[in-house]
Amino acid sequence: MNLYLLLPEISLIVLAVVLIGVDLLLPREHKPALGYIALIGLIFPAYFTMLLSGRNEVSFSGALVVDQLAIFFKLLFLIAAALVILSSIEYVRRLPIPQGEYYALVLLATSGMMLMASTRDLISIYISLEFTSITLYILAAFIRNDLKSSEAGLKYLLLGALSSAALLYGMALTYGVTGSTVLNDIASALGERGINAAAVLGLVFIAVGFGFKIATVPFHMWAPDVYEGAPTPITAFLSVASKAAGFALVLRVFATAFMPAENTWLPMFFVLSAITMTLGNVVAIRQENIKRLLAYSSIAHAGYVLMGLAAATAGATSGMLVYLLAYTLTNLGAFIAIIGFSTRVGSDNIDDYNGLSRRAPMLSLALAICLLSLAGIPPMAGFIAKIYLFAAVFDAAATNPALYYLVIIALLNSAISVYYYVRVVKAMYFAPAETEESLGMTFGLRVALSAAVAGVLVVGIYPTPVMQAAQVAAQVLFP
Amino acid sequence: MLSLNAFLLLSAVLFCIGLFGALSKRNAVAILMSIELMFNAVNIMLVAFARFLAPASTVGQALPPVSTVGQVFTIFIITVAAAEAAVGLAIVLAIYRTRRTISVDEVNLMKW
């Protein structure tokens, strides 16, 4: 037992408990300070994560692993958590929400995700997944008196519990076939005894459970409703961090435990990826609510990332990681701009964005940069990430020619997606505004938005460090 | 003694009953109960595997042979399912307070 390997998670949980304690002592008018305490406190887990960087250690009987892949994801979750907390301060202050619990739950969800990125055992995978999910169910339903928020929480919980039942069934079958729950032992058992029908069934059930978490197409129905109903900062958190955590698990489980069954799951992810990106993009075209639009767009982006699993090479995996980072920064930026808009105007309809460029020039510019980055237009991060991922999948197609079709489908989809992203930009810049009243933004939102947009531009213009980090991380799975 | 297949069949049947209930019931609490049934189907399977996949070293000792991993997994599933049910019932209660109904057909402000 090497407890120091858990220092980032432990410090996050301590921070959450401290926040709940401070919440009791603070008078009502000083409650927004809790957000800043949470934000400053994030320095500790970030420091400990950096400290563990470069190690490659396994502990807790093989259940916990700290390697570069885990570190990459942990830093990604911490960036997401920091931006979400910063953008929550103004949003939460206006709502009848207990603030201490809110920030504490965000931190707990983050620590659950960080555990998800570094578990290597089916039991601890299940526990960390549920730890994250249950906190997110609460956060989705956090505005208790709001009809939409509690409805979002109920839908998320019922479908989430259903999918975790499927996941457990798959895990139990896998345990029965291989006699172990440690991913590496499962791989060696499958390699020795061969793949039988029960193993394939277990693999499919596990894919169903994870497919729900990352919102791939047959299991995506919850995403638009939950994204629309949940408090907007939580929607942002769900759409980036929870999705990235799901991908961390999918990568680790399929690229280690089920590597001997590669021929079974490569075609499966091929089909999932193609239908996910196509359906996400086609349905997004018709959306009138910007949160639902971004929900379908995030489904489509999950489809792009899944291409990396359909290829399953070191290059494609690092492509997935770069894509996830670029997507995290971009999508968070877009959601922070939406928070800024909705706290002032109280609406999420795309029609209300008409003429926004004259009412809030900086906010419009930031939202436009993020939307164009999601569409994959240079020089933003989304462009570099798309090129890098598509090129890696294209390279892998040399051994698996079917992947050429996947790249073509992805390129067509990117073209479709430009339409609905540009529609919002067009509404902001070219449509006439109903009022000319200018919209201000609070300090916290302004800092969060600038940080996200700066990240999008920096990764877009100088992506080398991110790519190197992703390549090192991908080598963990594909040496 | 019953064979492993009997337990696996029981587990599969229970899982399907739970799935059918979860998809066909309209009352949110009934759906939660159906999902609970699915979890218990998995528990039966895990415990059966733990008993029948016992490592050779434990056979013939004083205690009956088991593989502890499966049993530990079961205990964790029971615990997490309880936590999940607690949160689920709390959300159902919040919905009942605002809408006076817990039928999922009427909780439909947003399209599925």
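About the criteria used
- In this numbering scheme, every chain counts its residues from 1 along its sequence in written order.
- Labels are handed out in written order, letters beginning with A for the chains and numbers beginning with 1 for the ligands.
- Local features in a predicted model are, by the rule used here, given only for residues with pLDDT of at least 70; side-chain atom pairs are given and counted only at 80 or more, and totals for whole chains, interfaces and linings are based on all residues.
- Hydrogens and waters are ignored; side-chain quantities use all the structure's heavy atoms.
- Only DSSP runs of H or I covering at least 4 residues are called helices, and only runs of E covering at least 2 are called strands; the numbering of each starts at the N terminus.
- Contacts are assigned to residue pairs with any non-hydrogen atoms lying within 4.5 Å of each other.
- Methods summary: accessible areas were calculated by the Shrake-Rupley approach with a probe of 1.4 Å, and residue burial reflects only the protein chains presented.
- The pLDDT score gives, residue by residue, the confidence of the prediction method on a 0 to 100 scale.
- Any carboxyl oxygen of Asp or Glu that lies within 4 Å of a side-chain nitrogen of Lys or Arg is treated as forming a salt bridge with it.
- Under the scheme applied here, a residue whose accessible area is under 20% of the maximum for its type counts as buried, over 50% as exposed, and between as partly exposed, the area being computed with a 1.4 Å probe on protein chains only.
- Each axis is a line fitted through C-alpha atoms, taken for helices only over the stretch in contact, and angles between the N-to-C directions span 0 to 180 degrees.
- To sort the angles, those under 35 degrees are grouped as roughly parallel, those over 145 as roughly antiparallel, those from 65 to 115 as roughly perpendicular, and the leftovers as oblique.
- Two helices that cross are described as forming a left-handed crossing if the nearer one is turned anticlockwise from the farther one by less than a right angle, and a right-handed crossing if clockwise.
- Note that Gly is not counted as nonpolar here; it falls among the polar residues with everything else outside the nonpolar set of Ala, Val, Leu, Ile, Met, Phe, Trp, Tyr, Cys and Pro and the charged set of Asp, Glu, Lys and Arg.
- Only Phe, Tyr and Trp rings are paired, with Trp represented by its six-membered ring, and only when their centres lie within 6.5 Å; those with planes under 30 degrees apart are stacked, over 60 edge-to-face, the remainder tilted.
- Any pair of N or O atoms that falls within 3.5 Å is considered a polar contact. Within protein, one atom must be able to donate a hydrogen and the other to accept it, and sequence-neighbouring residues count only if both atoms are side-chain atoms.
- We define a nonpolar core as any set of buried Ala, Val, Leu, Ile, Met, Phe, Trp, Tyr and Cys residues linked to one another through side-chain atoms lying within 4.5 Å.
- Take the accessible area each of two parts loses on contact, using a 1.4 Å probe, and add the two losses: that sum is the buried area.

Q: Summarise the overall build of chain B; cite the residues concerned and give the values.
A: Each helix and strand in chain B was counted, giving 3 helices and 0 strands. The N-to-C order of helical and strand elements in chain B reads α-α-α. Of the contacts formed within chain B by residues at least 6 apart in sequence, a portion of 58% connects residues at least 24 apart. About 6200 Å² of surface is accessible on chain B, with carbon and sulfur atoms providing 70% of the total.

Q: Give me the confidence of the model for chain B: which residues, what numbers.
A: Residue and element names in this part refer to chain B. Of all residues in chain B, 86% attain a pLDDT of 70 or more, and the chain-wide mean is 86. Mean pLDDT in chain B bottoms out at helix α3 (residues 68-99), which sits at 92, and peaks at helix α1 (residues 4-24), which reaches 94. Interface scoring of the predicted complex returns ipTM 0.92; its pTM is 0.94.

Q: Let's hear about the pattern of salt bridges: which residues, and what values?
A: All names here are of chain A. Across all of its chains, the model carries 13 salt bridges over all chains by this definition. Here Lys-155 makes a salt bridge to Asp-225, at a shortest N to O gap of 3.0 Å. Note that Lys-155 is positioned in helix α7 (residues 147-178) and Asp-225 in helix α10 (residues 222-229), a separation of 70 residues in sequence. Relative accessible area serves as the criterion here: at 4%, Lys-155 is assigned to the buried category. For Glu-228, the salt bridge is made with Arg-292, and the minimal N-O distance between the two is 2.6 Å. Taken together, the residues span a long stretch of sequence, with Glu-228 in helix α10 and Arg-292 in helix α13 (residues 290-311) at a distance of 64 residues.

Q: Describe the confidence of the model for chain A, and please don't skip the residues or the numbers.
A: Averaged over all residues, the pLDDT of chain A is 92; the fraction at 70 or higher stands at 100%. Mean pLDDT in chain A bottoms out at helix α15 (residues 356-359) of chain A, which sits at 87, and peaks at helix α6 (residues 122-140) of chain A, which reaches 95.

Q: Account for the packing of helix α5 (residues 99-117) of chain A against helix α11 (residues 232-257) of chain A, with residues named and values stated.
A: All names here are of chain A. In the contact formed by α5 and α11, the axes pass within 8 Å of each other and the chain directions differ by 15°. Compared by their axis directions, α5 and α11 come out roughly parallel. Crossing hand, α5 versus α11: left-handed. When α5 is examined against α11, the residues Tyr-102, Val-106, Ala-109, Thr-110, Met-113, Met-116 and Ala-117 are found in contact with a partner set consisting of Pro-233, Ile-234, Phe-237, Ala-241, Ser-242, Ala-245, Gly-246, Ala-248, Leu-249 and Arg-252. Looking at the contact of α5 with α11, its residues break down into 13 nonpolar, 3 polar and 1 charged.

Q: Any chance you could break down the packing of aromatic side chains for me, citing the residues and the numbers?
A: In this description, a pair of aromatic rings is defined by centroid distance and the angle of the planes. For the coordinates displayed, the defined rule picks out 25 aromatic pairs over all chains. An angle of 85° between the planes, with centres 6.0 Å apart, marks the rings of A:Phe205 and B:Phe15 as edge-to-face. Within this pair, whereas A:Phe205 is found in helix α9 (residues 197-213), its partner B:Phe15 is found in helix α1, the two belonging to separate chains. With a relative accessible area of 5%, B:Phe15 lands in the buried category. Note on B:Phe7 and B:Phe52: the rings are 6.0 Å apart at their centroids and 50° apart in plane angle, and the pair reads as tilted. On the criterion of sequence distance, the pair formed by B:Phe7 in helix α1 and B:Phe52 in helix α2 (residues 28-52) is long-range, its members being 45 residues apart. Residue class for B:Phe7 comes out partly exposed when judged on its relative accessible area of 27%. Using a relative accessible area of 30% as the deciding quantity, one classes B:Phe52 as partly exposed.

Q: If you had to explain the side chain of A:Glu151 to someone new, which residues and values would you point to?
A: Relative to the elements of secondary structure, A:Glu151 occurs in helix α7. A polar contact of 2.9 Å, which involves the side chain of A:Glu151, links it to the side chain of A:Lys155.

Q: Can you tell me about the nonpolar core, naming the residues and giving the values?
A: Residues and elements named next belong to chain A. Among the nonpolar cores identified, the biggest contains 215 residues, and Phe-73, Phe-77, Phe-237, Phe-254, Trp-265 and Phe-269 are the most heavily contacted of them. Of all the elements, helix α14 (residues 314-345) adds the most residues to this core, at 18 residues. Sequence-distant contacts of Phe-269, defined by excluding residues within four places in its chain, comprise Val-250, Phe-254, Leu-306, Leu-309 and Ala-310. Counting residues in each nonpolar core, the second largest holds 6 residues, with Leu-5, Leu-64, Val-66 and Ile-71 among its members.

Q: Can you explain the environment of A:Ala140? Please cite residues and give values.
A: Within the element layout of this structure, A:Ala140 appears in helix α6. In this structure, the C-alpha to C-alpha distance between A:Ala140 and A:Arg286, residues 146 residues apart in sequence, is 25 Å.

Q: Requested: an account of the packing of α14(A) against helix α17 (residues 381-396) of chain A, with residues and values cited.
A: All names here are of chain A. Following both chains from N to C, one finds α14 and α17 inclined at 165°, their axes separated by 8 Å at the closest point. Of the possible angle classes, the one that applies to α14 and α17 is roughly antiparallel. Considering how the two elements wind past one another, α14 and α17 form a crossing that is left-handed. Counting all contacts with α14, which are made through Gly-315, Ala-316, Ser-318, Gly-319, Met-320, Val-322, Tyr-323 and Ala-326, the residues of α17 involved are Ala-381, Gly-382, Ala-385, Lys-386, Tyr-388, Leu-389 and Ala-392. Class assignment for the residues of the contact of α14 with α17 results in 10 nonpolar, 4 polar and 1 charged.

Q: How would you explain the interface of chain B and chain A if you had to name every residue and give the values?
A: The interface of chain B with chain A comprises 44 residues on the first partner and 41 residues on the second. Surface buried jointly by chain B and chain A totals about 3700 Å² across both partners, of which 81% is contributed by carbon and sulfur atoms. Across the contact surface, chain B and chain A share 1 salt bridge. A salt bridge links A:Glu151 to B:Arg99, with the nearest nitrogen and oxygen atoms 3.0 Å apart. Here chain B and chain A share 4 residue pairs in polar contact (both at pLDDT 80 or more) between them.

Q: So what about the side chain of A:Thr216? Which residues, and what values?
A: Residue and element names in this part refer to chain A. With respect to the secondary-structure elements, Thr-216 resides in the loop between α9 and α10. Classification of Thr-216 by relative accessible area gives buried; the value is 1%. If we ignore the near neighbours within four places in the chain, the residues touching Thr-216 are Gly-211, Leu-272, Thr-276 and Leu-306.

Q: A description of unusual backbone geometry should follow, citing residues and the corresponding values.
A: In this structure, the amide linkage connecting A:Pro378 to the following residue, A:Pro379, adopts the cis form with an omega of 5°. Its location among the elements puts A:Pro379 in the loop between α16 (361-375) and α17. The backbone of A:Ala312 shows a phi angle near 55°, a positive value even though the residue is not glycine. Mapping A:Ala312 onto the fold places it in the loop between α13 and α14. Residue classification places A:Ala312 among the buried positions, given a relative accessible area of 8%. For B:Arg100, which is not a glycine, the phi torsion comes out positive at approximately 60°. In this fold, B:Arg100 is placed in the segment after α3.

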